[in-house]
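# Summary of structural features
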Amino acid sequence: MTQSFLEGNEAIARGAVAAGCRFFAGYPITPATSIYQQMLQLLPPAGGVCLQGEDEIASIGFCLGASMAGVKAMTATSGPGISLYSEQISFAIGGEIPLVIVDVQRLGPSTGSATKGADGDIQFLRWGNSGGMPVIVLAPVDVRDCYLLTMQAFNLAERYRCPVFIASNKEIGMTRESIDLDDLTGPEPEVRKPCPEDHPGHPFAPLPSENVPPFLPIGGKRHSRQTSSTHGEDGYISTDPAVIEAGILRMQEKLLGTVGDFTFYEYDGDAEDDILLVVYGVTARAAKAAVRELRALGSRVALLTLKTLYPVPEECIRQHLRGKSRVVVIEMNLGQYVREIERLSGNTAVSFYGRMNGELISPKDIVLKVGS
Amino acid sequence: MTSLLNRERPPVFCPGCGHEAVVRGLDQALQRLGLPGNRVAIVSDIGCSGLFDTFFNTHAFHGLHGRALTYATGIKMARPDLKVIVVMGDGGLGIGGAHVLSSCRRNLDITLLILNNFNYGMTGGQCSATTPTTGRTSSGFLNELEAPLDICRVAVAAGAPYVDRTMATGKELVDSLVQALCYPGFSLIDIWGLCPGRYSKKNRVTLTQMAEDIKESSAIAGPVAGNEREEYAAHYRRLATRAPAASKPLTVAATCHAPIRERCDVLLLGSAGQYINTVGEILCLAGMSGGLHVSQKNDYPITVLRGHSIAEVVLDRQPIEYTGIGSPAVVVCVAAEGVARRKKVFATLPEDAVVVKDSKLSLPDTRAKVIDIDFAKLKIRSSEQALAALAMVAREGILLTYEMLVVGLGHRYQGKMLDEALAVVARICDR
């Protein structure tokens, strides 16, 4: 067996380049900085561009411009940076601009602790945009996921023309671990569908019975428009409620209607289990060990590790809730994703265990909580 | 060359607005340059000037307030062959100040047109960064309190190699635009105009007075001698081709036999300057040479040259689940700062845990087996003590073998550093 020794951040950078990313811009911020440093090593020799923006707002702005010019782009930051990105994120949603945005979460609120982990931005990633339109949020568990889910993220950004978040955590990004890279086969890289010659050339007009407009690059042979204003299919400002609603609903449906195609998760359990643990991110590692111990103690416990957090994979969650008498959601925050589970749980009791003090949740913590 | 104006979308500005003259002037300038619409990208900001892109048959990008330069930068870096023109008002100038300064410093070949009418027209005539203190605006007395910005002086000071100021309605407009567009670098024109809808309603502004004020204020009109330098995108590409090829990740083959049966948590407790992080990595590489799964986290203050430095390492025959440290099997102590930071762990250590420490360090009470190394007597420097302690662990046959440690060192060091490290390890292990 041969192994390499990588931290989550390096795996994200390498996964991005493997997916075809050739533009990165970011502002240094612990614990995400090493993603930028890696891209600075990887991109220029590969003919790509890696920039350090004067601030986060510039960095994501560079990415939006480059993406609309046809280049796969990524940016990376932590909670304080996502705060600064917020307006540009809203623009990326409404402008249907493919972009991968990594949040290596730190303990908040605000500046918080740069070198402590948390999963405090989960709802923020979903709702930190004006208008509340859906976004895609993927949550890696470990170094291997960092590589593979980043590749998936780029494909989803291309396929659905939207921002895709990677919700990482200091505990993943800055933990190095052994990994067999030969064992990793990522998905085939996808590229945004180009606008066909016979298409009228309206930048926000999808093909019949499709929900994602084919791509007209800024700088291409046919004129293209991009705008942060409410617009019609032609990319000009619209004040017509019917036109506005059609566009808004299409953008919503393009993600809510297809989440079944990108619900990444792991489930360990069977029909006899009556307790369901729901976890994501680094907590899933402790949960795996806890489940083993709980089963040794006689518990009939199942483990659902969600890797697609948003749009909420309702079908997957409902399916695994079925037959369970008790659900425990475990998060490195004060209870964020648990709200999504509660919404779907019907009469099944949902309880929450979490902490947001910069410490990992340990297997022992989980065994104590579930066992009680 | 035909006009690039979209006849179906004529300008909708207030009669007499300076912006309309700039729309016509820009069209003429682009015609003179013979640029087809699909080679031009107009990037607009928010406000009345934000409507600019809708009047042209070119590529258009209308983004957020103050951020037009950020998109333009990304577009131009991805497509250096495009003519990228940024249009914003004095409003975008204010909110986007940092981006204006950075663009001056960067010298990317884009052209910035600041349509300066001394107020925020679209939102009702509030004061902007360029409103004179004597101006009457809908911001009450607030603009009397702040000095207005002379963006041309600021741009020159910030490194812009081409700076100009002109009238929206002046005869020189088209020439000014052509020159700025042709300049192979960052060019900025401060274009003054009337706002008949707001500012000119409350203030006596005449075009004649404006022209005189421009003449008085402008020392620079065109290339700025001390600031001319290589254009950013070309410079970037030149440096990028010199960048060394990215290295593939290191691979470690399992060639040794590791002396552990179950998961082992390890704490390395030291201080800045003791290469704790590196020794943790060496332990991991050694573990991998023994076919183990490994993980490492570090804990050190942001001010890296001072204070504690701690590495948390996990070694296991199985894939590692929880990466936190439970009950460590081995604790290496080479500095008081590290010990102090984790003082609580010592009371929890079982009897079969091993602590390897500098003999002059005192520890909290522990049941673990303690092995002292007199680093002072052995003349082992502070920077080598953590490695020496790890060698002691190997000598005891715990966690790793001498062979694994040597392989691990070989993956991390070369040349003189490797020789010195091997020498330290050999001394401790009596090899």
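Please read these numbers as outputs of a predicted model, since none were measured by experiment. (Residues numbered from 1 in each chain as written. Chains lettered and ligands numbered in written order. Predicted model: local features only at pLDDT ≥ 70, side-chain atom pairs only at ≥ 80, totals over all residues. Heavy atoms only, no water.)

What follows deals with the interface of chain A and chain B. In this complex, chain A contributes 65 residues to the contact, which on the side of chain B involves 66 residues. A combined buried area of about 5100 Å² lies between chain A and chain B, and 57% of that area is made up of carbon and sulfur atoms. Here chain A is connected to chain B by 6 salt bridges. Residue Arg9 of chain B is joined to Asp234 of chain A by a salt bridge in which the shortest nitrogen-to-oxygen separation is 3.9 Å. Counting across the chain A and chain B interface gives 32 residue pairs in polar contact (both at pLDDT 80 or more). Tallying contributions element by element places helix α3 (residues 56-68) of chain A first for the side of chain A that touches chain B, with 8 residues. (Contact = heavy atoms within 4.5 Å. Buried area = accessible area lost by both parts, 1.4 Å probe. Salt bridge = Lys/Arg side-chain N within 4 Å of Asp/Glu carboxyl O. Polar contact = N/O pair within 3.5 Å; in protein donor to acceptor, adjacent residues only side chain to side chain. Helix = DSSP H or I, 4+ residues; strand = E, 2+ residues; numbered from the N terminus.)

A separate point is the confidence of the model for chain B. For any part of a model where pLDDT is low, the fine detail of the predicted coordinates should not be relied upon. Of the residues in chain B, 100% have a pLDDT of 70 or more, and the chain-wide mean is 97. The complex prediction reports pTM at 0.98, with the ipTM value standing at 0.98. (pLDDT = per-residue confidence, 0-100.)

Moving on, we get to the pairing of strand β1 (residues 2-7) of chain A. For β1 of chain A, the buried fraction is high: 5 of the 6 residues fall into the buried class. One ladder, built from 2 bridges, connects β1 of chain A with strand β8 (residues 252-253) of chain B; its direction is antiparallel. Within β8 of chain B, the position partnered with Thr2 of chain A by the bridge is Ala253 of chain B. Pairing of β1 of chain A with strand β9 (residues 176-179) of chain A, which is carried by 4 bridges, proceeds in the antiparallel orientation. For Leu6 of chain A, the partnering residue across the bridge sits in β9 of chain A and is Glu177 of chain A. (Buried < 20%, exposed > 50% of the residue type's maximum accessible area, 1.4 Å probe, protein only. Pairing = 2+ DSSP bridges.)

Attention now moves to the sheet that holds strand β6 (residues 187-192) of chain B. Taking strand neighbours across the sheet as the criterion, the 8 strands line up as β10(A)-β2(B)-β1(B)-β3(B)-β4(B)-β6(B)-β5(B)-β7(B) in an open arrangement whose pairing is mixed. Across the chains shown, the open sheet's two edge strands, defined by having one partner strand only, are β10 (225-227) of chain A together with β7 (222-223) of chain B. Direction of pairing for strand β1 (residues 40-44) of chain B relative to strand β2 (residues 59-62) of chain B: parallel, over a ladder of 4 bridges. Each bridged residue has a counterpart across the sheet, and for Ser44 of chain B the counterpart in β2 of chain B is His62 of chain B. Strands β1, β3 (83-89), β4 (111-116) and β6 of chain B of the sheet are contacted by helix α1 (residues 18-33) of chain B, whose axis makes an angle of about 155° with β4 of chain B. Seen against the sheet, helix α2 (residues 68-78) of chain B touches β1, β2, β3 and β4 of chain B and runs at an angle of roughly 175° to β3 of chain B. (Axes fitted to C-alpha atoms, helices over the stretch in contact; angles between N-to-C directions.)

All right, on to the pairing of strand β11 (residues 308-316) of chain B then. Residue and element names in this part refer to chain B. The element β11 is extensively covered by neighbouring structure, given that 9 of its 9 residues are classed as buried. Both faces of β11 are covered, namely the face carrying His308, Ile310, Glu312, Val314 and Asp316 and the face carrying Ser309, Ala311, Val313 and Leu315. Judged from the 8 bridges that link them, strand β9 (residues 264-271) and β11 form a sheet pairing that is antiparallel. Along β11, the bridge assignment pairs Asp265 with Val314. Pairing between strand β10 (residues 293-299) and β11: 7 bridges, direction antiparallel. Residue pairing for β11: Asp299 is matched across the bridge by Ile310.

The subject of this paragraph is the state of the cysteines. All names here are of chain B. A full pass over the atoms with the stated rule returns 0 disulfides over all chains. Here Cys48 stays unpaired: no disulfide links it, and the sulfur of Cys17, its closest cysteine neighbor, is 6.4 Å away. We classify Cys48 as partly exposed; its relative accessible area is 28%. Left without a disulfide partner, Cys182 is nearest to the cysteine sulfur of Cys152, which lies 19 Å away. (Disulfide = S-S within 2.5 Å.)

The next thing to look at is the packing of aromatic side chains. With the rule as written, the count across this model stands at 13 aromatic pairs over all chains. Taking the centre distance of 6.0 Å and the plane angle of 65° together, the rings of Tyr280 of chain A and Tyr337 of chain A count as edge-to-face. Of this pair, Tyr280 of chain A sits in the loop between β12 (275-279) and α9 (283-296) while Tyr337 of chain A is found in the loop between β15 (326-331) and α11 (338-344), placing the two residues 57 residues apart along the sequence. Pairing Phe13 of chain B with Phe55 of chain B gives two aromatic rings, centres 5.4 Å apart and planes at 75°, and the pair type is edge-to-face. (Phe/Tyr/Trp six-rings, centres within 6.5 Å; stacked < 30°, edge-to-face > 60°.)

With that out of the way, let us pick up helix α10 (residues 276-289) of chain B. Between its first and last C-alpha atoms α10 of chain B spans 20 Å; for 14 residues at 1.5 Å apiece the expected length is 20 Å, and the two agree. Burial analysis of α10 of chain B places 13 of its 14 residues in the buried class, which makes it a mostly covered element. (Expected span 1.5 Å × (residues − 1).)

Another point: the layout of surface pockets. Looking at the second largest pocket, its volume works out to about 780 Å³. As for the second largest pocket, its lining consists of 29 residues, of which Asp142, Arg144, Asp145, Glu266 and Lys288 of chain A are closest to the centre. At the level of secondary structure, the elements contributing two or more residues to the lining of the second largest pocket comprise α6 (143-160), β9, β11 (265-268), α9 and β13 (301-306) of chain A together with β10 of chain B. Considering each element in turn, the lining of the second largest pocket owes the most residues, 6 residues, to α6 of chain A. Of the residues that constitute the lining of the second largest pocket, the class distribution is 12 nonpolar, 5 polar and 12 charged. (1 Å grid on protein atoms, 1.4 Å probe; cavity = no way out; pocket = protein on both sides within 12 Å on 5 of 7 lines; lining within 4 Å. Points joined across faces, edges and corners; volume = space filled by probe spheres on them. Nonpolar A, V, L, I, M, F, W, Y, C, P; charged D, E, K, R; others polar.)

Cis geometry marks the peptide bond from Gly108 of chain A to Pro109 of chain A; its omega dihedral reads 0°. By the secondary structure assignment, Pro109 of chain A is in the loop between β5 (99-107) and β6 (113-117). Note the cis peptide between Tyr310 of chain A and Pro311 of chain A, where omega equals -5°. For Pro311 of chain A, the position within the fold is in the loop between β14 (308-310) and α10 (314-321). The phi torsion at Lys379 of chain B lies on the positive side, around 55°, for a residue other than glycine.

With that settled, consider the nonpolar core. Grouped together as the largest cluster of nonpolar side chains are 152 residues, with contacts concentrated most on Phe23, Met39, Met74, Leu277 and Tyr337 of chain A. Per-element accounting of this core gives the leading share, 11 residues, to α6 of chain A. Not counting chain neighbours up to four residues away, the residues in contact with Phe23 of chain A comprise Leu43, Val49, Leu51, Phe62, Cys63, Ala66, Val71, Lys72, Ala73 and Met74 of chain A together with Gly74 and Met77 of chain B. Val266, Ala286, Val294 and Val330 of chain B belong to the second-largest nonpolar core, a separate cluster that totals 52 residues. (Core = buried A, V, L, I, M, F, W, Y, C linked by side-chain atoms within 4.5 Å.)

Residue and element names in this part refer to chain B. Residues Phe141, Leu142 and Leu145 make up a contiguous nonpolar surface patch of roughly 350 Å² in combined accessible area. Tracing the chain through its elements places Leu142 in the loop between β4 and α5 (151-158). What makes Leu142 partly exposed here is its relative accessible area of 45%. (Patch = residues over 30% accessible without salt bridge, like charges linked within 9 Å, V, L, I, M, F, W, Y side chains within 5 Å. Areas by Shrake-Rupley, 256 points an atom, 1.4 Å probe, with all protein chains shown as cover.)

As a further point, take the sheet that holds strand β16 (residues 349-354) of chain A. The strands making up a sheet are joined through hydrogen bonds of the backbone, oriented either antiparallel or parallel. Residues and elements named next belong to chain A. Overall, mixed pairing links the 5 strands, which are arranged β11-β13-β12-β15-β16 in an open sheet. Here the strands that pair on one side only, and so sit at the sheet edges, are β11 and β16. Sheet twist, expressed as the mean angle between neighbouring strand axes with direction ignored, is 20°. Inspection of the sheet shows β11 paired to β13 by 4 bridges, in the antiparallel sense. Note that in β13 the partner of Tyr267 across the bridge is Leu304.

A cluster of like positive charges, contributed by Arg136, Arg198, Lys201 and Lys202 of chain B, occupies part of the molecular surface. As for its position among the elements, Arg136 of chain B is in the loop between β4 and α5. (Lys, Arg positive; Asp, Glu negative; His and termini not counted. Charge placed at Lys NZ, Arg CZ, Asp CG, Glu CD.)

Moving on to α10 of chain A. Residues and elements named next belong to chain A. Within the sequence span of α10, burial applies to Cys316, Ile317, His320 and Leu321. Taken around the axis of α10, the buried residues stretch over an arc of 130°, which confines them to a single face. The inward-facing, buried residues of α10 abut β11, β12, β13, β15 and α11. (Arc of directions from axis to C-beta.)

What follows deals with the side chain of His231 of chain A. Residues and elements named next belong to chain A. Mapped onto the elements, His231 comes out in the loop between β10 and α8 (241-256). Look at His231 and you get buried, because its relative accessible area is 14%. Looking at His231, its side chain comes within polar contact range of the main-chain oxygen of Gly94, at 3.4 Å. A polar atom in the side chain of His231 sits 2.6 Å from the backbone oxygen of Ser229.

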